[in-house]
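Architecture at a glance
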Amino acid sequence: MSEESKRPEETPETQGGEAPETEPKAEAEAPKDEKKPKKKKEKTYTLTREQMEKAELAAKQLASVTDQFTRLTAEYDNYRKRTAKEKETIYQDAKVDTVKAFLAVYDNLERAVATDADPDSPHRKGLELIFSQFKEILKKLGVEEMEALGQPFDPQRHNAVMHIESEDLGENVVSQVFQAGFTLDGKVVRFAIVQVAN
């Protein structure tokens, strides 16, 4: 073969060393193809009866496991809420028990201040200072003394141990307080022991 047959034929367009202008035409055609996306054909599969049964069984197992997971999650959430509530009530109960123990000290300090007759006595002044400090500590803890004297009798807050006939006071009015009642954060810690007028 000669060299002439090995080389491709030169056309007038390629003789000048210019590349053929086929690329711009391809670029011009490309936007037309982009505007019309080709639809992909969906693949279909044929399943045997055995494969369908396995798929149904797997779907049932998935639904069962999903249900178990949902129930377990709800159960755990309930457990978490219940334990948080129990912790809160345990703390409140412990606080109430502690405050109840100190209320006996309150009663004794109140009696000691009331028994000393001399108001200028250093002993009495010391007791009054201790008593006022003790009241402040109880107040910081949220413990408040219930006002009972002259108030209408409330069985939710008062414990009546005596009744007297009195025309000066109205019916079912507390005439005397024997032991002060206390509340802690709005709940009754100790009922007030009172005398009620009829």
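Residues numbered from 1 in each chain as written. Predicted model: local features only at pLDDT ≥ 70, side-chain atom pairs only at ≥ 80, totals over all residues. Heavy atoms only, no water.

With that out of the way, let us pick up the pattern of salt bridges. Counted by the stated rule, this structure contains seven salt bridges. Between E53 and R49 there is a salt bridge, with its nearest N and O atoms 3.9 Å apart. Within this pair, E53 and its partner R49 are both found in helix 4 (residues 49-115), separated by four residues, close to a single helical turn. R49 gets classed as exposed once you look at its relative accessible area, which sits at 70%. (Salt bridge = Lys/Arg side-chain N within 4 Å of Asp/Glu carboxyl O. Helix = DSSP H or I, 4+ residues; strand = E, 2+ residues; numbered from the N terminus. Buried < 20%, exposed > 50% of the residue type's maximum accessible area, 1.4 Å probe, protein only.)

Strand order in the open sheet formed by three strands is 1-4-5, and the pairing between neighbours is antiparallel. Two strands lie at the open edges of the sheet, namely strand 1 (143-145) and strand 5 (187-190), each paired on one side alone. Adjacent strand axes in the sheet meet at a mean angle of 35° when their direction is disregarded. One ladder, built from three bridges, connects strand 4 (residues 182-184) with strand 5; its direction is antiparallel. (Pairing = 2+ DSSP bridges. Axes fitted to C-alpha atoms, helices over the stretch in contact; angles between N-to-C directions.)

Let's shift gears to unusual backbone geometry. The backbone of N172 shows a phi angle near 60°, a positive value even though the residue is not glycine. Take N172: it is sitting in the loop between strand 2 (158-164) and strand 3 (173-179). Residue D185 is not a glycine yet carries a positive backbone phi of 55°.

As a further point, take the nonpolar core. Judged by nonpolar contacts, the single largest core of 14 residues is most densely connected at L103, Y106, L138, V143 and F182. Where this core is concerned, the elements lending two or more residues are helix 4, helix 5 (122-140) and strand 4. At five residues, helix 4 tops the list of elements feeding residues into this core. In this view, V143 contacts V99, L138, F182, T183 and L184; residues no more than four positions away in its chain are not counted. (Core = buried A, V, L, I, M, F, W, Y, C linked by side-chain atoms within 4.5 Å. Contact = heavy atoms within 4.5 Å.)

The next thing to look at is helix 5. Along its 19 residues, helix 5 runs 27 Å from first to last C-alpha, staying within 8% of the 27 Å computed at 1.5 Å per residue. Of all the positions in helix 5, only R124, L127, F131, F134 and L138 are classed as buried. The arc enclosing the buried residues of helix 5, seen along the axis, measures out at 85°, which places them on a common side. Facing away from the buried side of helix 5 by more than 90 degrees, the exposed set consists of P122, L129, Q133, K139 and K140. (Expected span 1.5 Å × (residues − 1). Arc of directions from axis to C-beta.)

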